[in-house]
Amino acid sequence: MSSKQKITTHLWFDQEAKQAAEFYCSLFPGSSISYITVLHDTPSGDADIVSFELDHQPFMAINGGPLFKFNPSTAFILNFDPSKDQNARENLDRVWRELSKGGRILMPLQEYDFSKRFGWIEDKFGLSWEVMLTNPEGEERPFITPALMFAGEKAGRAEEAINFYLSVFENAKMGSMHRYPKGVEFNKGGTVQFADLMIENTWFAVMDSANEQPFDFNEAISFMVYCEDQKAIDYYWKKLSTVPEAEQCGWLKDKFGISWQIVPAAMDAMIGNGTKEQIDRVIQAILPMKKPVIADLEKAYKGDR
């Protein structure tokens, strides 16, 4: 993980984490698997953890069993920028073809008012992607951007969420904001058609949808916030956690139902570099915790408890 990158996207698979990570890494340059390790005796049994990068952006995947499934409430926008890549359209079409194999089209690949070429697809693992030929004259954005859709009962709360996250994270800034005009069918005038914001050097897209949608945010996709000390862990836990029953070994849910993991930065090194015995001790130490306690995890890693 880059020292500038504080947030990592976490993907929950049944048993396909390694297969999915290898597939995604094959699609994009600047992508590789950092490490694969096994967590023993978790509530889901032995679980593979896969740390990988897509276009230099950090991701984590776990084989956690069939508890949670991906849905389109969280998708990943792929920005193909002709000003950076003279073969942007061809590369977009190539990625679309690969994502289409065994997948399901949510919006066909074609020209829309907002893009010369756009498509929305659910891949063979159930993960949603929005491929877009970017307007070179627009503000520069990363190639991969997580996109959060506030739908159903949460429709109309996208702007509230943006303001909330801007208040929680010190290193955060607003990007663009586009609202639905009055009279737009199925949507509320003035709500967020598309907006984006940067949180800890990670860009997020946010939008409202008043259409009837059979999905909502869940734990299948969460965002890991790496903390250097206990003070930071305590801060984010207090600010973000609003669902007590969702609190478990660093996981929490905020008031919008979005899942976060508050992670001691040192734990990444423990899991990535530790022996089997050290990793097992750390996992057994954190499983009964709700909010992580760094001192107790360090003791477990050293074998002092």
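Source: prediction; values computed, not measured.

### Observations regarding the sheet that holds strand β4 (residues 57–63)
One open sheet accounts for seven strands, arranged β2-β3-β4-β1-β13-β15-β14; its pairing is mixed. Only two strands of the sheet have a single partner each, and these edge strands are β2 (32–42) and β14 (251–253). Taking the axes of each pair of neighbouring strands and ignoring which way they run, one obtains an average angle of 25° across the sheet. Looking at chain direction, strand β13 (residues 221–227) and strand β15 (residues 259–264) are connected through six bridges and run parallel. Within the sheet, the bridge partner assigned to Y226 lies in β15 and is V263. Where helix α4 (residues 230–240) meets the sheet, its contacts fall on β13, β14 and β15, and the angle it forms with β15 comes to roughly 165°. The strands touched by helix α5 (residues 265–273) are β2, β4, β13 and β15; relative to β15, the strand with the most contacts, the crossing angle is about 80°.

### As for helix α2 (residues 88–100)
The periodicity of an α-helix, 3.6 residues per turn, causes residues three or four places apart in sequence to face the same way. A rise of 1.5 Å per residue sets the reference length of α2, with its 13 residues, at 18 Å; its end C-alpha atoms lie 18 Å apart and thus fit the reference within 8%. Within α2, the full set of buried residues consists of A88, L92, D93, V95, W96 and L99. What you see down the axis of α2 is that its buried residues fit within an arc of 165°, all on one side. If you follow the buried residues of α2, they end up packed against α1 (17–27), β5 (74–80), β6 (104–112), β7 (115–122) and β8 (128–133).

### Observations regarding the side chain of E219
For E219, the position within the fold is in the loop between β12 (202–209) and β13. There is a polar contact of 3.4 Å between the side chain of E219 and the side chain of K253. Non-local contacts of E219, meaning those with residues more than four positions away in its chain, are made with W12, F68, W251, K253 and S259.

### A word on the pattern of salt bridges
In total, this model carries 16 salt bridges according to the counting rule given. The closest approach of N and O atoms between E159 and R179, which form a salt bridge, is 2.8 Å. One end of the pair, E159, is in helix α3 (residues 158–168); the other, R179, is in strand β10 (residues 172–179), and 20 residues separate them in sequence. Classification of E159 by relative accessible area gives partly exposed; the value is 29%. Two residues, E219 and K253, come together in a salt bridge whose shortest N-O distance is 3.4 Å. With a gap of 34 residues between them, E219 in the loop between β12 and β13 and K253 in strand β14 connect regions that are remote in the sequence. We classify E219 as buried; its relative accessible area is 17%.

### As for α3
Of the positions making up α3, those classed as buried are A158, A161, I162, F164, Y165 and V168. The buried residues of α3 occupy one face: seen down the axis, they fall within an arc of 165°. Residues of α3 that are buried sit in contact with β9 (144–151), β10, β11 (192–199), β12, α4 and β15.

### Concerning the sheet that holds β10
On the basis of which strands lie adjacent, the open sheet formed by eight strands has the order β6-β7-β8-β5-β9-β12-β11-β10 and mixed pairing. Across the chains shown, the open sheet's two edge strands, defined by having one partner strand only, are β6 and β10. For this sheet, the mean inter-axis angle between neighbouring strands, taken without regard to orientation, is 20°. Judged from the five bridges that link them, β11 and β12 form a sheet pairing that is antiparallel. Each bridged residue has a counterpart across the sheet, and for A195 the counterpart in β12 is V206. Packing against the sheet, α2 makes contact with β5, β6, β7 and β8, and its axis sits at approximately 15° to β7.

### Brief notes about the pairing of β6
Side-chain positions along a regular strand alternate between the two faces of the sheet. With five bridges joining them, β6 and β7 adopt antiparallel strand pairing. Pairing of Q110 across the sheet is with F118, part of β7. Count of turn residues in the β6/β7 antiparallel hairpin: two residues.

Parameters at a glance
Every chain begins its residue count from 1, and numbering advances along the sequence as written. Whole-chain, interface and lining totals are the exception, using all residues; otherwise, since this is a predicted model, local features are given only for residues with pLDDT of at least 70 and side-chain atom pairs are given and counted only at 80 or more. Water and hydrogen atoms were dropped before computing side-chain values, which therefore reflect all heavy atoms in the structure. Here, strands pair whenever DSSP counts at least two bridges between them. Strands here mean DSSP runs of E at least two residues long; helices mean DSSP runs of H or I at least four residues long; both are numbered from the N terminus. Simply put, an axis is a line fit to the C-alpha atoms, just over the touching stretch for a helix, and the angle between two N-to-C directions goes from 0 to 180 degrees. Should any heavy atoms of two residues lie within 4.5 Å, those residues are considered in contact. Expected span of a helix: the number of residues minus one, times 1.5 Å. Three labels apply to residues, based on accessible area from a 1.4 Å probe with only protein chains included: buried if under 20% of the type maximum, exposed if over 50%, partly exposed otherwise in between. Along the arc lie the directions from the helix axis toward the C-beta atoms. Under this definition, polar contacts are N or O atom pairs within 3.5 Å; protein pairs additionally need one hydrogen-donor-capable and one acceptor-capable atom, and for neighbouring residues in sequence, both atoms have to be side-chain atoms. Think of a salt bridge as a Lys or Arg side-chain nitrogen and an Asp or Glu carboxyl oxygen that are within 4 Å of each other.

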